[in-house]
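# A closer look at the structure
One letter stands for each residue in the lines below.
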Amino acid sequence: MEWLTKFPHMDDDRLRQLKKLIDDGFRTFTRAYGDAIESFFEPLQFFLIQSERFLTRTPWPVILILIALIAWFASRNWKIVAGCVGTMLAIGYFDMWDDTMKTISMIFVCTVLSIAIGIPIGIIMSRSDRFQSVVNPVLDVMQTMPSFVYLIPVVMLLGIGKVPGLIAVVIYAIPPMIRLTNLGIRLVDKDVLEAADAFGSSNWQKLKNVQMPLALPTIMAGINQTIMMALAMVVIASMIGVQGLGQPVLKAIANQYFTLGIFNGMAIVGIAIIFDRVSQAYGRRLQRHLEIVHG
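The protein appears in an unreviewed UniProt entry as ABC transporter permease from Sinorhizobium alkalisoli. The record held by UniProt for the protein lists under Sequence similarities (unreviewed entry) the comment "Belongs to the binding-protein-dependent transport system permease family." What UniProt states about the protein under its Subcellular location (unreviewed entry) heading is, verbatim, "Cell membrane".

See the structure below:
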């Protein structure tokens, strides 16, 4: 009756050989193409380093003014601006300014990269049901795969450092950007598209002047979710050398430093709230503007 309690599985030797074959194949691939892949990501590394230098070397009052201006431009709400500035002042007062700037730099680059990759893929998905049926299972895997697993192939290919962590964060955070871009464009009213056809608009003109503006609030929601997921990945990415607020949290876990972990964890929460409130306010402003323009 053992077959009822023990699930039948592949022979242990064969399973071991299969795993060894896959591991050896991936190691061979990394030895053959690792340097080429690393050189391919050099512009990304340059962008990340320059962004981090700007945020860490610029005087803090200038950074605060920039944050306040961005919050005001996005929200037109003094309460949100005051909340952003107050949160950043509290973070700086508790001596977490440099780590926070490094984290914001990482999130900024991840967001830009996710937008640059995610929006075109989402547009293609919205135009092709076949392409959507191929990409959706990939996105399902990316969203459900344990985040630690992303670190294994990235570290084997690129080693320890900023760029491997950045790539792992982007892989984890990009699916909402792709899904919501696709959804936003597909939800554009067909009557509006028919009116655009009646005026002789080309496919590019319809996309640029009709579909993208009407889908922009949904796309902004995708950007918001991408930022939130990137922040959630910060602590895990610190395991492979990503500097910022994640490393003190990791140190606190390893050494049971309660206060260190709580302070840096609250700083991550503060940044998340800033990004969330500002991006949501900007999305609402876009929605109101589009309702006025399009009736």
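Our next topic: helix H3 (residues 42–57). Residues spaced three or four apart along an α-helix face the same direction, because each turn holds 3.6 residues. With 16 residues, H3 extends 22 Å from end C-alpha to end C-alpha; this agrees with the ideal 22 Å at 1.5 Å per step. When H3 is considered as a whole, its buried residues turn out to be Leu44, Leu48, Ser51, Glu52 and Leu55. For H3, the angular spread of buried residues about the axis comes to 95 degrees, placing them on one side. Exposed positions of H3 whose direction lies more than 90 degrees from the buried face are Pro43, Phe46 and Arg57. Where H3 is buried, its residues meet helix H4 (60–75), helix H6 (97–127) and helix H9 (162–173).

This part takes up the packing of helix H8 (residues 147–158) against H9. Interhelical geometry of H8 versus H9 gives an angle of 140 degrees and a closest axis separation of 9 Å. Compared by their axis directions, H8 and H9 come out oblique. Regarding H8 and H9, the two cross each other, and that crossing is right-handed. Contact residues: Ser147, Tyr150, Leu151, Val154 and Leu158 in H8; Val163, Pro164, Ile167, Ala168, Ile171 and Tyr172 in H9.

So, about the UniProt feature "domain: ABC transmembrane type-1" (unreviewed entry) in the protein. Mapped onto the present numbering, the UniProt feature "domain: ABC transmembrane type-1" (unreviewed entry) falls on residues 100–279. End C-alpha atoms of residues 100–279 are separated by 19 Å, and the span's content is 86% helix alongside 0% strand.

Throughout the structure, instances matching the rule amount to 7 salt bridges. Lysine 20 serves as the salt-bridge partner of aspartate 24, at 3.1 Å between the closest nitrogen and oxygen. With aspartate 24 and lysine 20 both in helix H2 (residues 12–40) and 4 residues apart, this pair spans about one turn of that helix. A residue is classified by how much of its surface remains accessible, and aspartate 24, at 32% relative accessible area, is partly exposed. Classification of lysine 20 as exposed rests on a relative accessible area of 52%. For aspartate 24, the salt bridge goes to arginine 27, with nearest N and O atoms at 3.4 Å. You can see aspartate 24 and its partner arginine 27 sitting in helix H2, 3 residues apart, about one turn around the helix. Three or more residues joined by partner-sharing salt bridges are found here, namely Lys20, Asp24 and Arg27.

The rules behind these values
- Residues numbered from 1 in each chain as written.
- Predicted model: local features only at pLDDT ≥ 70, side-chain atom pairs only at ≥ 80, totals over all residues.
- Heavy atoms only, no water.
- UniProt positions renumbered as here; feature names shortened; annotations may be inferred.
- Helix = DSSP H or I, 4+ residues; strand = E, 2+ residues; numbered from the N terminus.
- Expected span 1.5 Å × (residues − 1).
- Buried < 20%, exposed > 50% of the residue type's maximum accessible area, 1.4 Å probe, protein only.
- Arc of directions from axis to C-beta.
- Contact = heavy atoms within 4.5 Å.
- Axes fitted to C-alpha atoms, helices over the stretch in contact; angles between N-to-C directions.
- Parallel < 35°, antiparallel > 145°, perpendicular 65-115°, else oblique.
- Left-handed = near helix turned anticlockwise from the far one by under 90°.
- Salt bridge = Lys/Arg side-chain N within 4 Å of Asp/Glu carboxyl O.

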